[in-house]
Amino acid sequence: MRLSGPLLTMVAVGAVAAGAATANVVLTAEPEPLPAAVEQAAGSSALPAAPAPTAAPAPAATGEVVYKGRSTNGKVTVDIWVTDGAVKAYVCDNRGIESWTKGTATPGGTTRLTGEDGAEVEYTVADGVATGTARADGRSWDFTATRTDASDPAPAATPAPAPAEAPAEAPAPSTGGSGYGGGY
């Protein structure tokens with residue numbers, strides 16, 4: 001039995017892998033700075049240094065952000081929807097108080113919403129939680145509402161569970177030994 005064929009294949013694969021690893025290291029390594037003598041020799045022919053990059057302002061939030069919560073005494077629910085800067089909030093106690101308010105988001109500050117029935121909702125947002133006060137029907141409630149949409153940027157307290165594996169495909173039903181599944 002000759003081992004030269006498999007042996008040559010293994011050597012070739014090893015050489016390709018070593019070459020790929022070397023290329024990866026060379027291409028991703030940070031360039032070393034030029035020695036001072038080389039920089040001085042370049043003199044005025046050297047290009048001026050590029051200005052340091054500045055952080056661009058964060059783009060305005062787009063899409064929908066949702067906060068759902070309750071008053072601190074548990075008597076009313078407060079749900080807030082922010083869509084491209086427009087905000088609406090719903091306050092309800094399931095006993096007769098039901099109010100919609102609307103307004104414009106105030107990033108980094110207090111957002112104030114008003115309803116046609118005189119209701120008001122004021123809140124601020126920090127770390128994915130809206131806290132504030134809801135007023136309707138002559139009453140007032142402090143509330144906390146947690147961001148519930150899928151794009152929540154707040155860090156999770158615990159790591160997300162690993163996705164479940166897809167269930168195994170069920171075997172085809174037996175058709176009586178002909179090997180043909182039928183149905184056509």
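Residues numbered from 1 in each chain as written. Predicted model: local features only at pLDDT ≥ 70, side-chain atom pairs only at ≥ 80, totals over all residues. Heavy atoms only, no water.

### A closer look at the overall build of the protein chain
Thinking step 1. When helices and strands are tallied, the protein chain shows two helices and eight strands.
Thinking step 2. Secondary structure elements of the protein chain, listed N to C terminal, follow the sequence α-α-β-β-β-β-β-β-β-β.
Thinking step 3. Relative to its full complement of 184 residues, the protein chain shows a buried share of 20%.
Thinking step 4. Sequence-distant contacts in the protein chain: of pairs separated by 6 or more residues, those separated by 24 or more amount to 27%.
Thinking step 5. For the protein chain, the computed accessible surface area is about 14,100 Å², with 60% contributed by carbon and sulfur atoms. (Helix = DSSP H or I, 4+ residues; strand = E, 2+ residues; numbered from the N terminus. Buried < 20%, exposed > 50% of the residue type's maximum accessible area, 1.4 Å probe, protein only. Contact = heavy atoms within 4.5 Å. Areas by Shrake-Rupley, 256 points an atom, 1.4 Å probe, with all protein chains shown as cover.)

### Observations concerning the packing of aromatic side chains
The geometry of an aromatic ring pair is captured by two quantities: the separation of the ring centres and the angle between the planes.
Thinking step 1. All told, the structure shown has two aromatic pairs when counted by the stated rule.
Thinking step 2. Note on tyrosine 90 and tryptophan 100: the rings are 4.7 Å apart at their centroids and 40 degrees apart in plane angle, and the pair reads as tilted. Note that tyrosine 90 is positioned in strand E3 (residues 86–92) and tryptophan 100 in strand E4 (residues 98–104), a separation of ten residues in sequence.
Thinking step 3. Assessed through its relative accessible area of 15%, tyrosine 90 is described here as buried.
Thinking step 4. According to the relative accessible area criterion, tryptophan 100 is partly exposed, its value standing at 48%.
Thinking step 5. Among the aromatic residues, those joined into a cluster by ring pairs are Trp81, Tyr90 and Trp100. (Phe/Tyr/Trp six-rings, centres within 6.5 Å; stacked < 30°, edge-to-face > 60°.)

### Things to note about the pattern of salt bridges
Thinking step 1. Throughout the structure, instances matching the rule amount to three salt bridges.
Thinking step 2. Between lysine 68 and aspartate 79 there is a salt bridge, with the nearest N and O atoms lying 3.8 Å from each other. Here the residue lysine 68 occupies a position in strand E1 (residues 64–71), and aspartate 79 occupies one in strand E2 (residues 77–83), the gap between them amounting to eleven residues.
Thinking step 3. Judged by relative accessible area, which is 39%, lysine 68 ranks as partly exposed. (Salt bridge = Lys/Arg side-chain N within 4 Å of Asp/Glu carboxyl O.)

All quantities given are derived from atomic positions and should not be read as evidence of function.
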